[in-house]
Amino acid sequence: MVSELGLRGLLHDVGYAPRLAATGFHPLDGARFLRDDHAADERLVRLVANHSLALLEAEERGLRGELEAEFPLLDDHRLVDALVYCDMTTTPDGKGTSAEDRLSEIMKRYGADSPVGRFIRRASPDILAAVGRVEAALAAQPR
């Protein structure tokens, strides 16, 4: 059985599916699909909508108001950090990587002047902080 976090990890990029791309902003498109077509759990939908500091990218795209109104941020910061960690330490083809290399890969793929590039520049400190918090929590776990 897939864990709750595992399910969120699997679904967080569902909005990239071409048939779902109403706005072209995958967190919002994916969250709307899960909510409207599948009546998915509200917490799941809100996490998909806001994964990896999506509000900052939504702002770059002029969609922040829509995202905030429909899908408020979750208060469970550990869960939010965990999804940032999963998203930012995995390559698009599923291999493990460092957060720094992942951020660099995203910048190269989209370009520094794109909405994604501008978002990554703004969000990098917070992304790296979230990854650091998860790594610290993992290191503190008994073996």
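Procedures and definitions
- Residues numbered from 1 in each chain as written.
- Predicted model: local features only at pLDDT ≥ 70, side-chain atom pairs only at ≥ 80, totals over all residues.
- Heavy atoms only, no water.
- 1 Å grid on protein atoms, 1.4 Å probe; cavity = no way out; pocket = protein on both sides within 12 Å on 5 of 7 lines; lining within 4 Å.
- Points joined across faces, edges and corners; volume = space filled by probe spheres on them.
- Helix = DSSP H or I, 4+ residues; strand = E, 2+ residues; numbered from the N terminus.
- Nonpolar A, V, L, I, M, F, W, Y, C, P; charged D, E, K, R; others polar.
- Contact = heavy atoms within 4.5 Å.
- Buried < 20%, exposed > 50% of the residue type's maximum accessible area, 1.4 Å probe, protein only.
- Polar contact = N/O pair within 3.5 Å; in protein donor to acceptor, adjacent residues only side chain to side chain.
- Expected span 1.5 Å × (residues − 1).
- Salt bridge = Lys/Arg side-chain N within 4 Å of Asp/Glu carboxyl O.

Asks: Tell me about the layout of surface pockets, residues and numbers included.
Replies: Estimates place the volume of the largest pocket at around 570 Å³. In terms of lining residues, the largest pocket is bounded by 30 residues, among which His12, Asp13, Tyr16, Asp87 and Arg102 are the most central. Taken together, the elements giving at least two residues each to the lining of the largest pocket come down to α2 (26–38), α4 (54–60), α6 (77–88), α7 (99–110) and α8 (115–140). Of the residues that constitute the lining of the largest pocket, the class distribution is 14 nonpolar, 10 polar and six charged. In this structure, the second largest pocket spans a volume of roughly 320 Å³. Along its surface, the second largest pocket is lined by 17 residues, and Asn50, Leu53, Leu73, His77 and Val80 are the ones closest to its centre. Those elements that provide at least two residues to the lining of the second largest pocket are α3 (42–50), α4, α6 and α8. Sort the elements by how many residues they give to the lining of the second largest pocket and α6 lands first, with four residues. Considered class by class, the residues forming the lining of the second largest pocket number 10 nonpolar, two polar and five charged.

Asks: A description of the environment of Glu57 should follow, citing residues and the corresponding values.
Replies: Along the chain, the position of Glu57 falls in helix α4. Once residues within four sequence positions are removed from consideration, Glu57 is found in contact with Phe25, Val116 and Phe119.

Asks: Residues and numbers for the environment of Ser114, please.
Replies: Along the chain, Ser114 turns up in the loop between α7 and α8. The buried category is assigned to Ser114, whose relative accessible area is 15%. Ser114 sits 36 residues away from Arg78 along the chain, and the two C-alpha atoms are 30 Å apart. Within the local environment of Ser114, its side chain forms a polar contact with the backbone oxygen of Tyr110, the two atoms lying 3.2 Å apart.

Asks: So what's going on with α2? Which residues, and what values?
Replies: Along its 13 residues, α2 runs 17 Å from first to last C-alpha, staying within 8% of the 18 Å computed at 1.5 Å per residue. One or two positions beyond α2, positive phi appears at Ala39, with a value near 45°.

Asks: Break down the pattern of salt bridges for me, with residues and values.
Replies: Throughout the structure, instances matching the rule amount to 17 salt bridges. A salt bridge links Glu70 to Arg35; the nearest nitrogen and oxygen atoms lie 3.0 Å apart. Of this pair, Glu70 sits in helix α5 (residues 64–70) while Arg35 sits in helix α2, and the two are 35 residues apart along the sequence. When its relative accessible area of 31% is taken as the criterion, Arg35 is described as partly exposed. For Glu68, the salt bridge is made with Arg64, and the minimal N-O distance between the two is 3.4 Å. Taken together, the residues Glu68 and Arg64, both in helix α5 and four residues apart, mark about one turn of the helix. Taking relative accessible area as the criterion, Arg64 reaches 26% and is therefore assigned partly exposed. Residues joined by salt bridges that share partners form a network here, namely Glu59, Glu60, Arg64, Glu68, Arg118 and Arg122.

All we've got here are geometric facts, nothing functional implied.
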